[in-house]
Amino acid sequence: MKVLANDGISKTGELALTEAGFEVLSNRVAQNHVINFINENNVDILLVRSATKVRQDLIDACPSLKIIGRGGIGMDNIDVDYAKSKGIKVINTPTASSKSVAELVFGHFFALARFLHESNRLMPLEGETHFDAMKKSFSKAYELSGKTLGVIGFGSIGQEVVKMGIALGMKIKVLTKNPKTKVLSLDFFDGQSLNFEITSTNDMDAFLKDTDFISINTSKTNEYIIDTPQFEKMKDGVYIVNTARGGVINEVTLLDFIESEKVAGAALDVFENEPSPELPLLMNPALSLSPHVGGNTVDAQEKIGAELAEQIIKLQKETIR
């Protein structure tokens, strides 16, 4: 069987598939040429990340496809239900990149709280001439320890964000559509493990009240989770990080509340208009920005490749039976 890993696959995943008898094609085919490539090469399995879109037209035009795999958790670039209705198996790796995304959340939180995002911009330009002035302007920084962390979403990524917040000594709030209780385990280097029982709330007002740092870790939504009514109820000087999906927070409104200093700083790894974010976002000094790289670590990609390979090999064995 032929596998097209159109957005790439780790060496670990490629080796596992090759050893199991699959032919892995690692071509990076442009979106408008994917259909022709699949048909010309009789591809059985299409693996993508966020770049390649697998819509109804592609599914209809490629009858050879038996499996579509998404490296990562979000499936909004694939018409999942339609693919399944055509007898195609659809798989993903919902937990493989969770730690990487959670670490990026805190990378942005630390950058915002200590002005690192702005300092890194200005030091090369003004460090020689305005060193003391910058030192003074960046002195109103904050520790995360002892502050209240609010996490929107309690899936695998949200849980990792909560665990890291606990490890830093933060107070925890979680917002979900329906209240739920989960027991999270923190494992330490010496073999010790501690369990923490966390119960979420569906009360947005209670969630926002007195929350210092907000991390958005939900799946794609059809409307904004954070817009003017939510910003107005936030604590003055709040910090916000969105590593979920573009469109869960109103970016225009965010800039307004940064201007009014209700929001002290925000970080975006995802944007409403990817891959062409709006220029006012890119130019705002209160924003810490990254180009949708939450799961882009060597560690996560190794796990993603291995998990995709494992699922594909298992599906093949089940088919043979």
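Residues numbered from 1 in each chain as written. Predicted model: local features only at pLDDT ≥ 70, side-chain atom pairs only at ≥ 80, totals over all residues. Heavy atoms only, no water.

## Brief notes about the overall build of the protein
Then step 1. The number of helices and strands found in the protein is 13 helices and 13 strands.
Then step 2. Its C-alpha atoms give the protein principal-axis dimensions of roughly 65 × 45 × 40 Å.
Then step 3. For the protein, the residues scored as buried account for 47% of the 321 residues in total.
Then step 4. Of all intrachain contacts in the protein linking residues separated by at least 6 positions in sequence, the fraction that spans at least 24 positions is 59%.
Then step 5. As displayed, the protein has an accessible area near 16500 Å², and 51% of this comes from carbon and sulfur atoms.
Then step 6. Distance from the positive charge centre (34 side chains) to the negative charge centre (42 side chains) of the protein: 4 Å. (Helix = DSSP H or I, 4+ residues; strand = E, 2+ residues; numbered from the N terminus. Buried < 20%, exposed > 50% of the residue type's maximum accessible area, 1.4 Å probe, protein only. Contact = heavy atoms within 4.5 Å. Areas by Shrake-Rupley, 256 points an atom, 1.4 Å probe, with all protein chains shown as cover. Lys, Arg positive; Asp, Glu negative; His and termini not counted. Charge placed at Lys NZ, Arg CZ, Asp CG, Glu CD.)

## Concerning the domain arrangement of the protein
Then step 1. Parsing the protein into structural domains produces domain 1 (2–92 + 298–320) and domain 2 (97–289).
Then step 2. Distance from the C-alpha centre of domain 1 to the C-alpha centre of domain 2: 32 Å.
Then step 3. With 6 residues of domain 1 in contact, the opposing surface of domain 2 contributes 6 residues.
Then step 4. Considering only the surface of domain 1 that becomes buried against domain 2, I73, D76 and A300 emerge as the three largest contributors, covering 67% of it.
Then step 5. The interface formed by domain 1 and domain 2 contains 1 salt bridge.
Then step 6. Remark: the boundary between domain 1 and domain 2 carries 1 residue pair in polar contact (both at pLDDT 80 or more).
Then step 7. Among the residues forming the side of domain 1 that touches domain 2, the class breakdown is 3 nonpolar, 1 polar and 2 charged. (Domains from an automatic or database assignment. Buried area = accessible area lost by both parts, 1.4 Å probe. Salt bridge = Lys/Arg side-chain N within 4 Å of Asp/Glu carboxyl O. Polar contact = N/O pair within 3.5 Å; in protein donor to acceptor, adjacent residues only side chain to side chain. Nonpolar A, V, L, I, M, F, W, Y, C, P; charged D, E, K, R; others polar.)

## Quick notes on the UniProt feature "domain: D-isomer specific 2-hydroxyacid dehydrogenase NAD-binding" (unreviewed entry) in the protein
Then step 1. The sites that UniProt annotates as "domain: D-isomer specific 2-hydroxyacid dehydrogenase NAD-binding" (unreviewed entry) are residues 107–294.
Then step 2. Between the end C-alpha atoms of residues 107–294 the distance is 11 Å, and the span holds 32% helix and 22% strand. (UniProt positions renumbered as here; feature names shortened; annotations may be inferred.)

## Quick word on the packing of helix α5 (residues 98–113) against helix α8 (residues 156–167)
Then step 1. It is at 8 Å that the axes of α5 and α8 come closest, and there the two elements cross at 50°. Comparing their axes, α8 and α5 come out oblique. Handedness of the crossing formed by α5 with α8: right-handed. Each of S98, K99, V101, A102, E103, V105 and F106 in α5 lies in contact with α8, whose residues at this interface are S156, I157, E160, V161, M164 and G165.
Then step 2. Grouping the amino acids of the contact of α5 with α8 by side-chain chemistry returns 7 nonpolar, 3 polar and 3 charged. (Axes fitted to C-alpha atoms, helices over the stretch in contact; angles between N-to-C directions. Parallel < 35°, antiparallel > 145°, perpendicular 65-115°, else oblique. Left-handed = near helix turned anticlockwise from the far one by under 90°.)

## Some points on the pattern of salt bridges
Then step 1. Summed over the entire model, instances satisfying the criterion amount to 8 salt bridges.
Then step 2. Notably, a salt bridge pairs E160 with K99, separated by 3.5 Å at the nearest N-O pair. Here E160, found in helix α8, pairs with K99, found in helix α5; they are 61 residues apart in sequence, far enough to count as distant.
Then step 3. Exposure remark for K99: the relative accessible area of 43% places this residue in the partly exposed category.
Then step 4. Across the pair D205 and K233 runs a salt bridge whose closest N-O atoms are separated by 3.0 Å.

## Regarding the environment of P280
Then step 1. Summarising the element assignment, P280 is placed in helix α12 (residues 279–283).
Then step 2. Judged by relative accessible area, which is 48%, P280 ranks as partly exposed.
Then step 3. C-alpha of P280 to C-alpha of T176: the two residues are 104 residues apart in sequence and 31 Å apart in space.

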